[in-house]
Amino acid sequence: MAPSYPAMALDAEQQQRFAELIDQHRGIVFKVAGTYARGPDDRDDLAQEIAAQLWYGFPRYDGSRRFSTWMYRIALNVAISHLRSATQRQRHWLALDLSLHDVPDDHDADHEHNQQVRALHRFIQAQEPLNRALLLLYLEDRSTREMADILGITETNVATKISRLKQRIRDEI
Amino acid sequence: METDQLKQVWQLLDHRLQQQQALNLDLFKRRRLDRTRSALRWMMLRQSIQIAIWTAVLVVIVGPFWIEHRATTHLLVLGLVMHAYAVLTIGTSVLQILLMARIDVDQPVVRIQRQLVQLRSLRIKHNLLLSLPWWPLWIVGFVIGVKWWLGVDLYVISPGFFYTTLGVGFVGLLVTLWIARRLAARARMTGKPAPMADDLAGHSLRRAIDQMEEIARFEKE
């Protein structure tokens, strides 16, 4: 069940502003979609879904708040819902080798880096949806305050979780 | 791997993703916008229609029926059973609409995810509570309808028919549950989704409860 906004029309000025902001922060859409999707096709689909929800939500965006925070909230909410509904639809799929779909099969590339990228991808995919969001925000160097604001938990809780996450990264990767 | 090193790897992964990203963020793709627009709206419309129909049934038929026949015990009981069902249907539909109206995806992730799981589990319970009882309930509705429109009391004319049909209804209910469990188990084996069977077998509800626990864990830890 994907959440959605009621349709709201943007005037020309809003459209222009939206296009500029999205262009500046488009990496957020790609990163969130890449983190939660099951493969390249699913990633494109999810990125489009996020973009559509951002478009619908933009008339309600409060300009006094950080655009990236607003964007992360929508992108993560859409992505987690997408993941949950995809999991329900395809719960019993044979496990895909998720670590492979983003990594080019380039024999000349740095082998060690490839191994690390695969290990990181596997670690991300092994996290529960909400922990995955926290990990993504941590890797993106978001402040504790912004993470708390995006996720809707306290800063202390974020700090505790990050500390545990770091330990797990050291242990598991 | 240390966390600083991990962040470097993340940047590398991000760089590769962007290199491969042939995706054009075409925000104005009509098909996508139409699909998104209709997601919750359709559900709200369906619930609104359900409320309108059952309110009409309650006000025009069921309420006046049991009031009129309150001196005849079996008709009073049948009327009250149908009345309770109508109230339950209207109540759960109103609740679903209220939950849908609260969902606003630019709110914090934990809050929205909790609301979505609440809505999903309510929908599943709604399906279970309101679909399955129709196996025995249809005869109740049939007796009320015949009495209401034709003035014939089937219960008095043929109590055997009434109780046999009611019994068959309960058996049908149990058989439906058994088949749903079989279909859900087969779906697990073959990998083909069977959402209806999953709902009836209680698996979807179990998953929704698990997700709710996952959210609670995330908030507490």
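Scroll up to find the structure this text is about.
Reference entry: report on the structure contained in this document. (Residues numbered from 1 in each chain as written. Chains lettered and ligands numbered in written order. Predicted model: local features only at pLDDT ≥ 70, side-chain atom pairs only at ≥ 80, totals over all residues.)

### Details of the overall build of chain B
And step 1. Summing up its helical and strand segments, chain B has 9 helices and 0 strands in all.
And step 2. Reading chain B from its N end, one meets helices and strands in the order α-α-α-α-α-α-α-α-α.
And step 3. By the burial criterion, 25% of the 221 residues in chain B qualify as buried.
And step 4. A separation of at least 24 residues holds for 63% of the contacts in chain B among residues at least 6 apart in sequence. (Helix = DSSP H or I, 4+ residues; strand = E, 2+ residues; numbered from the N terminus. Buried ≥ 20, exposed ≤ 12 C-beta atoms within 10 Å, placed from the backbone. Contact = placed C-beta atoms within 7 Å.)

### What to know about helix H9 (residues 203-220) of chain B
Residues and elements named next belong to chain B.
And step 1. Here H9 is 18 residues long and its end C-alpha atoms lie 26 Å apart, about the 26 Å a rise of 1.5 Å per residue gives.
And step 2. Residues of H9 that are buried include every one of His203, Ser204, Ala208, Gln211, Ile215 and Phe218, and no others. Angular distribution of buried residues about the axis of H9 spans 145°; they occupy a single face of the element. Opposite its buried face, H9 presents the exposed residues Asp210, Glu213, Ala216, Arg217 and Lys220, each directed more than 90 degrees away. (Expected span 1.5 Å × (residues − 1). Arc of directions from axis to C-beta.)

### As for the environment of leucine 76 of chain B
All names here are of chain B.
And step 1. Here leucine 76 shows up in helix H3 (residues 73-102).
And step 2. Looking at leucine 76, the number of C-beta atoms within 10 Å reads 16, which means it is partly exposed.
And step 3. Taking the C-alpha atoms as reference points, leucine 76 and glutamine 113, separated by 37 residues in sequence, lie 44 Å from one another.
And step 4. Excluding its chain neighbours within four sequence positions, the residues that come into contact with leucine 76 are Trp66, His69 and Arg70.

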